[in-house]
Amino acid sequence: MATVTIDTAGVGGTQSGTVTTAGGSGGGKVMVTNDSDSKITFNVATGGTDVQTGVMCEAKGYKIITGLDNGATTLTSLTTAHGTSAQANEVVYLTLIT
C-alpha cells in the first residue's frame, strides 16, 4: 500500500510507498481510497508515465482503476477543489488489487 498526503493548498505530495502492478499487459488493478473530506482529481502513472488522466474520486469514497500494465504505479497531479488548513495531512491510499 502507498499513500499521498494532501497539504493546506489542496495538493497531494509525493507518494509514500510502492505499489507494483503485475497483472499482465492491461491486467493490473489498484484501488484508490480517498480519506479526505473533498473530491479529488488525479492521474495514474505506470512506470513514470501517466496512463490515465483526470480521474475523479468522491470525498470518503474509493475508485478501482483497471487496465494497468506491469510496473510501479503512482498517483500524480493529485488535487482537491480548494485548499484549507483543515485538509492538511488528509490521506489518499493506493492499494494493489491484482
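Conventions used here
- Residues numbered from 1 in each chain as written.
- Predicted model: local features only at pLDDT ≥ 70, side-chain atom pairs only at ≥ 80, totals over all residues.
- Heavy atoms only, no water.
- Helix = DSSP H or I, 4+ residues; strand = E, 2+ residues; numbered from the N terminus.
- Rg over C-alpha atoms; globule rule 2.2 N^0.38 Å.
- Buried < 20%, exposed > 50% of the residue type's maximum accessible area, 1.4 Å probe, protein only.
- Contact = heavy atoms within 4.5 Å.
- Areas by Shrake-Rupley, 256 points an atom, 1.4 Å probe, with all protein chains shown as cover.
- Lys, Arg positive; Asp, Glu negative; His and termini not counted.
- Charge placed at Lys NZ, Arg CZ, Asp CG, Glu CD.
- Pairing = 2+ DSSP bridges.
- Axes fitted to C-alpha atoms, helices over the stretch in contact; angles between N-to-C directions.
- Patch = residues over 30% accessible without salt bridge, like charges linked within 9 Å, V, L, I, M, F, W, Y side chains within 5 Å.
- Salt bridge = Lys/Arg side-chain N within 4 Å of Asp/Glu carboxyl O.

J.: Could you give an account of the overall build of the chain, naming the residues involved and the relevant values?
T.: For the chain, the count of helices and strands is 0 helices and 8 strands. The order of α-helices and β-strands along the chain, N terminus first, is β-β-β-β-β-β-β-β. By the compact-globule yardstick of 13 Å for 98 residues, the chain fits well, its C-alpha radius of gyration being 13 Å. Considered along the principal axes of its C-alpha atoms, the chain spans approximately 40 × 20 × 20 Å. By residue count, 36% of the 98 residues in the chain fall in the buried class. Considering only contacts within the chain whose residues lie at least 6 apart along the sequence, 70% involve residues at least 24 apart. As displayed, the chain has an accessible area near 4,800 Å², and 51% of this comes from carbon and sulfur atoms. Side-chain charges in the chain split into 4 positive and 7 negative, and the spacing between the mean points of these groups amounts to 9 Å.

J.: Which residues make up the pairing of strand β3 (residues 28-34), and what values go with them?
T.: On any regular strand, side chains alternate: one points to one face of the sheet, the next to the other face. Alternating positions in β3 separate cleanly, Gly 28, Val 30, Val 32 and Asn 34 being buried on one face and Lys 29, Met 31 and Thr 33 remaining unburied on the opposite face. Examined bridge by bridge, β3 and strand β8 (residues 91-96) share 5 bridges and lie antiparallel to one another. The partner of Met 31 across the bridge, within β8, is Thr 95.

J.: Just give me the short version of the sheet that holds strand β7 (residues 71-80), but keep the residues and values in it.
T.: Taken together, 4 strands build an open sheet; the order of strands is β2-β7-β4-β5 and the sheet is antiparallel. One side of each edge strand has no neighbouring strand; the edge strands of this open sheet are β2 (19-21) and β5 (49-57). Direction aside, neighbouring strands of the sheet carry axes that sit 35 degrees apart on average. Here 3 bridges tie β2 to β7, and the two strands are oriented antiparallel to one another. When the bridges of β7 are listed, Val 19 appears paired with Thr 73.

J.: How would you summarise a nonpolar patch on the surface if you had to cite specific residues and measurements?
T.: Taken together, Tyr 62, Ile 64 and Ile 97 make up a surface patch of nonpolar side chains, about 310 Å² in accessible area. Along the polypeptide, Ile 97 turns up in the segment after β8.

J.: Now, about the environment of Lys 39: what can you tell me, with residues and values included?
T.: Of note, Lys 39 is situated in the loop between β3 and β4 (40-46). Taking C-alpha positions, Lys 39 is 6.9 Å from Ala 81, a pair spaced 42 residues apart along the chain. Those residues in contact with Lys 39 that lie beyond four places of it in its chain are Asn 34, Met 56, Cys 57, Glu 58, Ala 59, Thr 79, Thr 80 and Ala 81.

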